[in-house]
Amino acid sequence: MSRPVPAIVILGNGSLATARKIAQLYPGALIHGLAERVEGADRVYHEFGATLREFYQQDTPIIALCAAGIVIRTLAPLLLEKGAEPPVLAVAEDGSAVVPLLGGLGGVNVMAREIAAVLEVAAAITTSGELRFGTCLLNPPSGYALGDLESGKRFVSDLLAGHSVRIEGAAPWLDQAQLPEDPQAQRSIHVGSAEREASANELLIYPRSVAVAVSAGVADLPDTIRAALQQAKVAVQSLACLVAAEDEMASPALREAALELGVPLRFVTSVSDLSTLPDVTIIATAHDITIAVAEQPLDVTQIGRPRGRLAVIGLGPGAAELMVPAVKAELARATDVLGYETYVRMAGPFREDQVLHCTDNREEMQRARHAFELAAQGRSVIVVSSGDPGVFAMAAAVLEALHESSEPSWHSVDLEILPGVSASLATAAQAGAPLGHDFCVMSLSDNLKPWSIIEKRLDLAAEADLALAFYNPISRARPWQLGQALEIVGRHRTSETVVVLGRDIGRPGQSLRVTTLGELTPDQVDMRTMVLIGSSTTCVFPRAEGGNWVYTPRWYGVKPAS
Ligand code: SAH
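Predicted model only: the values in this text are computed from it and were never measured. (Residues numbered from 1 in each chain as written. Predicted model: local features only at pLDDT ≥ 70, side-chain atom pairs only at ≥ 80, totals over all residues. Heavy atoms only, no water.)

*Asks:* Which parts of the structure should I look at to understand the site of the ligand?
*Replies:* Around the ligand, a shell composed of 20 residues is seen, among which Val 391, Ser 422, Ala 423, Met 527 and Thr 529 lie nearest. The separation between a nitrogen atom of the ligand and a polar main-chain atom of Ser 386 is 2.9 Å. Measuring from a nitrogen atom of the ligand, one finds a backbone N or O atom of Val 391 at 2.8 Å. Isolated, the ligand exposes 550 Å² of accessible area, and the fraction of that covered by the protein chains is 93%. Here the shell around the ligand is built from residues that sort into ten nonpolar, six polar and four charged. Summarising the domain contributions, the shell around the ligand has at least three residues from each of domain 4 (309-421) and domain 5 (424-551). (Near = heavy atom within 4 Å. Polar contact = N/O pair within 3.5 Å; in protein donor to acceptor, adjacent residues only side chain to side chain. Areas by Shrake-Rupley, 256 points an atom, 1.4 Å probe, with all protein chains shown as cover. Nonpolar A, V, L, I, M, F, W, Y, C, P; charged D, E, K, R; others polar. Domains from an automatic or database assignment.)

The structure is reproduced here in C-alpha cells:
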C-alpha cells in the first residue's frame, strides 16, 4: 500500500530551501507557505493553527518547519480525540534538527530517519523499543498486520526488560533488526496466516496473504466471509482483499462488505483466475466463497483491477478556500484529470504520476466519453469544471454520455458529482445578498439552444419580478445577445434596478461593480463576468469601508413587523 503524501508547512522564506530538500523525498508533497510571508510555496494558507489541525484531522502526515512547541500547542486540543493520528514532525528551519512528535504507529520514526538522512543530521528518536531494536515491532511493514496493540506493547517492554525472543515464520524485515534472539527463548514472534489464539508470551503478526473470492448474491457477506475463514482456520487479519467477478462491479453489497472488513475490492473476469496467483493454495468452501492462501503477502495491485471511479468536480470560482474539502480529497486520489486547460491548471499543482488530459472548452461530449473509457479501465478519473459542475458545465454532459451508452463497463463505473460554489453565488456573496429572494439562473449562450427560447424565458422571468443571474453573458462570437436581453428585461424593470457585475471573482484581479440597469451597457461585460440583475425590491446602501451593500429582502410586498 502506498503511504499518504505529507504536507510540508512553513512560516517564512527562511525555511524554503530546507522544505524543498524534504519535498524531494516525497513525490507529490506540497509546500504550504504562510500568506504574505512566503513567496514561491506550492500552496498558500492564511491561518497556521486551522491549517495544521485540518491536515491532522484528514490523517495527512505533517512536516512543520518551526519550533516543536508551536506544533504541540497547536495540535494539543485534538490529541485526546479518538481518530486520526498521522505522523507529525517538527524540523528546524535551517534543517539542523528533525524531531518526530506523534504517530509512532504511522511510521513517524521512519520518516524522521529519511528526512534526517537528506539533511545530513541525526533524527531525534526517543522511542525506546525503536532505539534498542532499530525497528518498531508494533508497526510492521505494509503487507503485515499486528495482532493486538495492547499485548504488543507489553511484549516490547518485556524485551526491553531483558527477555530474549525467537521468531517463527517468515519475517524478512526483522533480519536487520537487533533483536535479542535466542532459539530457546520463551517469548516468540509468530508470523503466519493461520487462526491462532495468542499465548501470553507470543506476539502475533499476520501476513496479508489471503484473497477471498465472493459473489454479491451471498447473504450477509461480511459475516459469511468471517465464518468461512474461521471454518478454514484462516485468520481474518490475514485477509488482503476481496475478489469478485467484473459483472458484479456495481454491487453495493460488495462495496459495503469490503469497507466493513477494511480491505480493497478487486475484480477479475473469472474467479477461477485466483488459482493462477503465484504460490497459492485454494480452499473452496460452501456459499460461493473461495479462499486463496499465499505463502507471502499478496500484492493486491496485481490481482484483477479495482472498480473505476469518475468524479465530476466543481472547483468553485477559483480561490482555494472556496473549494469544498471533498473536492480537495478527490484531487489527491485522482490518476487522471480531464478538462479545459485553464481549469485543469487552476485545480493543480498535480503529482508527476497524475495524467492530465487538457482539451478545448467545446469538446464536452468527447471529453465525457474519454472520461468513461479511462474509468472503465479501473482508473480514478476527474472531470473538472469551474464553479459547480451541474451549472452550465460538465456534469450534464457526463450523464448524457452515460445515458447514451449501452456499454456495461461504463455503467459499472463509480460515478459521483461533487458540488462547488457557483459563480452567481460567489458574486452574490461579495455584493451582499442580491439573490436573497426568489431568483432565476440563465445562460445567455445560444450555442446549444435557440435564441427564441432565451427571449421567452427572459421575458417571463423579468415579468415575474425574479432577480436574474446571467452566465455566459457575452462573447466574441455572440456580440449582440446581451444588448437584446437587457432590452427585454427593461420592458419590465425600471432603469434604477440594481445590477451587480462580478468579474474573475475569487481569482487574481477580481472586480466587483454595483450599477443600475439604466447605466449598464454590454461593453462593461465580458465572458468572465457574472451579471446579477435585481428585482423590484433589491436595494443598496453604503458600507463603512466604502462601496455598497446590495440585498434583496426575504419578504415581498409588505414588510412584516419585526
Ligand atoms: N459551472 C460554472 C459556470 C460555467 S459557465 C459555475 O458554476 O460557476 C461560464 C460563465 O460563468 C462565465 O461566462 C461567467 O459568466 C461565469 N463565471 C464563471 N466563473 C466566474 C468567475 N470567477 N467570476 C465571474 N463569473 C464567472
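Next, the rest of the story.
*Asks:* Hey, could you run me through the sheet that holds strand 22 (residues 439-443) in this one?
*Replies:* Pairing is mixed across the open sheet formed by five strands, whose spatial order is 22-23-26-24-25. What marks the edges here is a single partner per strand, and that holds for strand 22 and strand 25 (511-516). In this sheet, neighbouring strand axes are inclined to one another by 15° on average, regardless of whether the strands run parallel or antiparallel. With three bridges joining them, strand 23 (residues 467-471) and strand 26 (residues 529-533) adopt antiparallel strand pairing. Bridge pairing links Phe 470 to Val 531 in strand 26. Here helix 14 (residues 423-431) sits on the sheet in contact with strand 23, strand 24 (498-503), strand 25 and strand 26, set at roughly 65° to strand 26. (Pairing = 2+ DSSP bridges. Helix = DSSP H or I, 4+ residues; strand = E, 2+ residues; numbered from the N terminus. Axes fitted to C-alpha atoms, helices over the stretch in contact; angles between N-to-C directions. Contact = heavy atoms within 4.5 Å.)

*Asks:* It is not clear to me how the sheet that holds strand 7 (residues 144-146) should be interpreted in this structure. Could you clarify?
*Replies:* Strand pairing in a sheet is mediated by backbone hydrogen bonds. Such pairs are either parallel or antiparallel. Pairing is mixed in the open sheet, where four strands are placed in the order 7-10-9-8. Either end of the sheet is taken by a strand with one partner, and the two such strands are strand 7 and strand 8 (165-168). In this sheet, neighbouring strand axes are inclined to one another by 20° on average, regardless of whether the strands run parallel or antiparallel. Across four bridges, strand 9 (residues 187-191) lies against strand 10 (residues 202-207) in parallel orientation. Among the inter-strand pairings, His 190 is bridged to a residue of strand 10, identified as Leu 204.

*Asks:* Please explain helix 15 (residues 451-463) as it appears in this structure.
*Replies:* With 13 residues, helix 15 should reach 18 Å at 1.5 Å per residue; the first-to-last C-alpha distance of 18 Å fits that figure. Taken as a whole, helix 15 has its buried residues at Trp 451, Ile 454, Leu 458, Ala 461 and Ala 462. One face of helix 15 carries all of its buried residues, which in axial projection span an arc of 95°. Away from its buried face, by an angle of more than 90 degrees, helix 15 presents the exposed residues Ser 452, Lys 456 and Glu 463. Here the buried face of helix 15 lies against strand 22, strand 23 and helix 16 (481-490). The first or second residue beyond helix 15 is Asp 465, which carries a positive phi of 60°. (Expected span 1.5 Å × (residues − 1). Buried < 20%, exposed > 50% of the residue type's maximum accessible area, 1.4 Å probe, protein only. Arc of directions from axis to C-beta.)

*Asks:* For this particular structure, what's the right way to read the pairing of strand 18 (residues 355-359)?
*Replies:* Along any regular strand the residues' side chains alternate between the sheet's two faces. Sheet analysis places strand 17 (residues 336-340) next to strand 18, joined by five bridges and oriented parallel. Directly across from Tyr 340, in strand 18, lies its bridge partner Thr 359. Once you follow strand 17 into helix 10 (residues 341-347) and on to strand 18, the crossover reads as right-handed. (Right-handed = clockwise from strand over helix to strand, strands pointing away.)

*Asks:* Would you mind showing me how to read the side chain of Asp 414 here?
*Replies:* By the secondary structure assignment, Asp 414 is in strand 20 (residues 414-418). Aside from chain neighbours lying at most four places away, what touches Asp 414 is Arg 255, Arg 307, Gly 308, Arg 309 and Leu 310.

*Asks:* For this particular structure, what's the right way to read the environment of Trp 451?
*Replies:* Secondary-structure assignment places Trp 451 in helix 15. Taking C-alpha positions, Trp 451 is 8.4 Å from Gln 481, a pair spaced 30 residues apart along the chain. Each residue touching Trp 451, except ones within four places of it in the same chain, is listed here: Leu 444, Asp 446, Trp 480, Gln 481, Gln 484 and Ala 485.

*Asks:* Explanation requested: the nonpolar core in the structure shown.
*Replies:* Ranked by internal contacts, the top residues of the largest apolar core, which has 24 residues, are Val 210, Val 212, Ile 225, Leu 242, Leu 254 and Ile 291. Taken together, the elements giving at least two residues each to this core come down to strand 11 (210-213), helix 7 (221-231), strand 12 (239-245), helix 8 (252-261), strand 13 (265-268) and strand 15 (290-294). Not counting residues within four places of it along the chain, the set of residues in contact with Leu 254 comprises Val 214, Ser 215, Ala 216, Leu 221, Ala 244, Glu 248, Leu 265 and Phe 267. (Core = buried A, V, L, I, M, F, W, Y, C linked by side-chain atoms within 4.5 Å.)

*Asks:* What am I meant to see in the packing of helix 11 (residues 364-376) against helix 12 (residues 394-404) here?
*Replies:* For any two helices packed against each other, one specifies the inter-axial angle together with the distance between the axes. Running from N to C, helix 11 and helix 12 cross one another at 65°; their axes reach a closest spacing of 9 Å. For the pair helix 11 and helix 12, the crossing hand works out as right-handed. Facing Glu 364, Met 365, Arg 367, Ala 368, Arg 369 and Phe 372 of helix 11, the residues of helix 12 in contact are Met 394, Ala 397, Val 398, Glu 400, Ala 401, Leu 402 and Glu 404. In terms of residue class, the contact of helix 11 with helix 12 is made up of eight nonpolar, no polar and five charged. (Left-handed = near helix turned anticlockwise from the far one by under 90°.)

*Asks:* Would you explain the domain arrangement of the protein chain in this entry?
*Replies:* Where interface size is quoted, it is often the accessible area lost as the parts come together. Looking at the protein chain, the domain boundaries give domain 1 (7-126), domain 2 (144-207), domain 3 (210-302), domain 4 (309-421) and domain 5 (424-551). With ten residues of domain 4 at the contact, the number on the domain 5 side is eleven residues. Carbon and sulfur atoms supply 65% of the area buried between domain 4 and domain 5, which totals about 730 Å² over both sides. Area buried by domain 4 at its contact with domain 5 is led by Pro 317, Phe 392 and Val 421, which between them contribute 58% of it. Linking domain 4 to domain 5 there are zero salt bridges. Between domain 4 and domain 5 we count two residue pairs in polar contact (both at pLDDT 80 or more) in total. (Buried area = accessible area lost by both parts, 1.4 Å probe. Salt bridge = Lys/Arg side-chain N within 4 Å of Asp/Glu carboxyl O.)

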